[in-house]
Amino acid sequence: MLEEVADPEPRPGEVLIRVRASALNHLDIWIRKGLPSVPKPRILGADGAGTVEALGEGVAAFQPGDRVVINPGVEAGDGTIHVIGEHGDGTNAQLIAVPATNVYPIPGGLSFEEAAAFPLVFETAYRMLVTRARVEPGEWVLLWGIGSGVSTAGLAIAKALGARTIVTSSSDEKLARARELGADVTVNHGSGDVKAAVKEATGGHGADVVVEHVGEATWRTSLDVAAREGRIAVCGATSGPNPPAALHRVWWKQLTILGSTMGRKADFEGAFSLVAEGRARPVVDEVVPLEQIRAAHARLEAGEQLGKIVLSVPE
């Protein structure tokens, strides 16, 4: 059930936003379950889009009524990133006050729901593919689990940058949807052979970049399918964080393992530019009312979605 709380007030340098749409992320599930352990109670939600309600002292870049989207990563003075909805209250509410430096105009043509669907996962995928792995046009990119927000964002970004893509899922329906979204090659990792599919697609070369967020269940295969001098970008481990290292694969193939966590302002702005230019577009799986957030969490936790589950927030 929803609860009433006091309306936030914008402090100097902040913008008060009336939230119209808020997208779910696995981060919301982890916080709800106590991982990471942050103070409770907490209003969840990292991603949000809406209209400017009021301006804090010193803010002149926006006007009340402007349609805006939030960059969920707040850069602290010590260089760390504080995530909205994790380190402070989030966007699963009608109002939120955020630093003006984290507020951007919604790219033309995007709905509130589409705008809310891209920030965190596009920022994360952009950092993995561009900032860390430095993907090049024509390279092969393997994306595990195309239903996830990071993989759907990674597919959009890889295609926008001219890379060739191989995506996996245990759902043939999701793979069909991935082909509609531009995936070059699809493989069912439940019933098919990912190693054989990558070898055939790439003519034996392998994947130049692997987007790895699954962990124990996929790690060995990621090492096997990576091309010589390939890069494996790791942003998570939903199936477990401690797979066999298989270090001989790393040195023999001269692989580069790249850790990547969310992103910085430059990563968000790089992803934002791709969206604003129409080169990459967020994928909305389903829009549900905020009061049905329990069902939305259940759908995300069960892995039934392809793209982002978005909550519509009442005015």
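The structure under discussion appears in the preceding block.
Analysis parameters
- Counting starts from 1 at the beginning of each chain's written sequence and moves along it residue by residue.
- Whole-chain, interface and lining totals are the exception, using all residues; otherwise, since this is a predicted model, local features are given only for residues with pLDDT of at least 70 and side-chain atom pairs are given and counted only at 80 or more.
- Hydrogens and waters are ignored; side-chain quantities use all the structure's heavy atoms.
- In this description a helix means any DSSP run of H or I spanning at least four residues, a strand means any run of E spanning at least two, and both kinds are numbered starting from the N terminus.
- Classification of residues uses two cut-offs on accessible area relative to the type maximum, computed with a 1.4 Å probe and protein chains only: under 20% is buried, over 50% is exposed, and between them is partly exposed.
- Charge assignment: positive for Lys and Arg, negative for Asp and Glu; neither His nor the chain ends contribute.
- For this analysis, a salt bridge means a side-chain nitrogen from Lys or Arg found within 4 Å of a carboxyl oxygen belonging to Asp or Glu.
- Should any heavy atoms of two residues lie within 4.5 Å, those residues are counted as being in contact.
- Put simply, two rings from Phe, Tyr or Trp (the six-membered ring, in Trp's case) pair if the centres are within 6.5 Å, and we call them stacked under 30 degrees between planes, edge-to-face over 60, tilted for the rest.
- Patches in this entry comprise residues that are over 30% relatively accessible and not in a salt bridge; like charges within 9 Å are linked, as are nonpolar side chains (Val, Leu, Ile, Met, Phe, Trp, Tyr) within 5 Å.
- Only the protein chains shown count as cover for residues, with accessible areas throughout obtained via the Shrake-Rupley method and a probe of 1.4 Å.
- For a helix, the expected span equals 1.5 Å multiplied by the residue count minus one.
- Polar contact is the term for a pair of N or O atoms within 3.5 Å; when the atoms are in protein, one must be able to donate a hydrogen and the other to accept it, and sequence-neighboring residues count only if both atoms are side-chain atoms.
- In this context, the arc is that of the directions from the helix axis out to the C-beta atoms.
- Pairing between two strands requires that DSSP report at least two bridges joining them.
- Looking down the strands as they point away from the viewer, one classifies a crossover as right-handed if the path from the first strand across the helix to the second runs clockwise.

A. Spatial organisation of the side chain of Glu86. You can see Glu86 is positioned in the loop between strand E5 (81-83) and strand E6 (95-99). Arg42 provides the closest opposite charge to the buried, salt-bridge-free Glu86, at an N-O distance of 8.5 Å. If near-sequence neighbours (up to four positions away) are discounted, Glu86 is found in contact with Leu27, Ile31, Pro36, Val38 and Arg42.

B. Main features of unusual backbone geometry. We note that Glu229 has phi near 65°; this positive angle belongs to a residue other than glycine. Along the chain, Glu229 falls in strand E12 (residues 226-234). At Met262, a position not held by glycine, the phi torsion is positive, near 45°. One can find Met262 in the loop between strand E13 (256-259) and helix H9 (265-276). Residue Met262 is classed as buried on the basis of its relative accessible area of 10%.

C. Summary view of the packing of aromatic side chains. One pass over the full model with this rule turns up 6 aromatic pairs. Ring geometry for Tyr104 and Phe268: centres 4.8 Å apart, planes at 50°, overall tilted. Here Tyr104 is found in strand E7 (residues 103-105), whereas its partner Phe268 is found in helix H9, with 164 residues between them in sequence. The same class applies to Tyr104 as to Phe268, namely buried.

D. Focus on a nonpolar patch on the surface. There is a patch of nonpolar side chains on the surface, built from Leu247, Trp251 and Trp252 and spanning about 450 Å² of accessible area. Note that Trp252 resides in helix H8 (residues 247-252). Given a relative accessible area of 59%, Trp252 falls into the exposed group.

E. View of helix H4 (residues 149-160). Spanning 12 residues, H4 covers 17 Å between terminal C-alpha atoms, matching the ideal 16 Å at 1.5 Å per step. The element H4 is extensively covered by neighbouring structure, given that 11 of its 12 residues are classed as buried. Every buried residue belonging to H4 is among Gly149, Val150, Ser151, Thr152, Ala153, Gly154, Leu155, Ala156, Ile157, Ala158 and Ala160, and all of these are buried. Once H4 finishes, Gly162 follows within two positions and takes phi at roughly 85°, a positive value.

F. Quick look at the environment of Thr131. By secondary structure assignment, the location of Thr131 is in helix H3 (residues 119-132). Overall, Thr131 belongs to the partly exposed group, its relative accessible area being 29%. As for Thr131 and Lys308, which are separated by 177 residues in sequence, their C-alpha atoms are 23 Å apart. When near neighbours in sequence (up to four residues on either side) are disregarded, Thr131 contacts Tyr126 and Asp267. Within the structure, the side chain of Thr131 is placed 2.4 Å from the side chain of Asp267, a separation counted as a polar contact.

G. Region of the structure containing helix H10 (residues 293-301). Here H10 has its buried residues at Ala296, His297 and Leu300. Burial along H10 is one-sided: seen end-on, the buried residues are contained in an arc of 100°. Looking at the buried side of H10, the elements it contacts are helix H1 (26-32), strand E14 (284-289) and strand E15 (308-312). Backbone geometry just downstream of H10 places Gly303 in the positive-phi region, at approximately 70°.

H. Focus on the pattern of salt bridges. For the structure on display, the rule yields 20 salt bridges. Its salt-bridge partner being Glu139, residue Arg231 comes within 2.9 Å of it at the nearest N-O pair. Taken as a pair, Arg231 in strand E12 and Glu139 in the loop between H3 and strand E8 (140-143) lie far apart in primary sequence, 92 residues in all. Neither Arg231 nor Glu139 differs from the other in exposure class; each is buried.

I. Representation of the pairing of E15 in the model. The buried fraction of E15 amounts to 4 of the 5 residues, a majority that puts the element mostly inside the structure. Pairing geometry for strand E1 (residues 14-23) and E15, over 3 bridges, is antiparallel. Residue pairing in the sheet places Ala23 in a bridge with Val310 of E15. Relative to E15, E14 is paired through 5 bridges, and the arrangement is parallel. When the sheet's bridge partners are listed, Val288 is paired in E15 with Leu311. A crossover connection joins E14 to the parallel E15 through H10; in handedness this β-α-β unit is right-handed.

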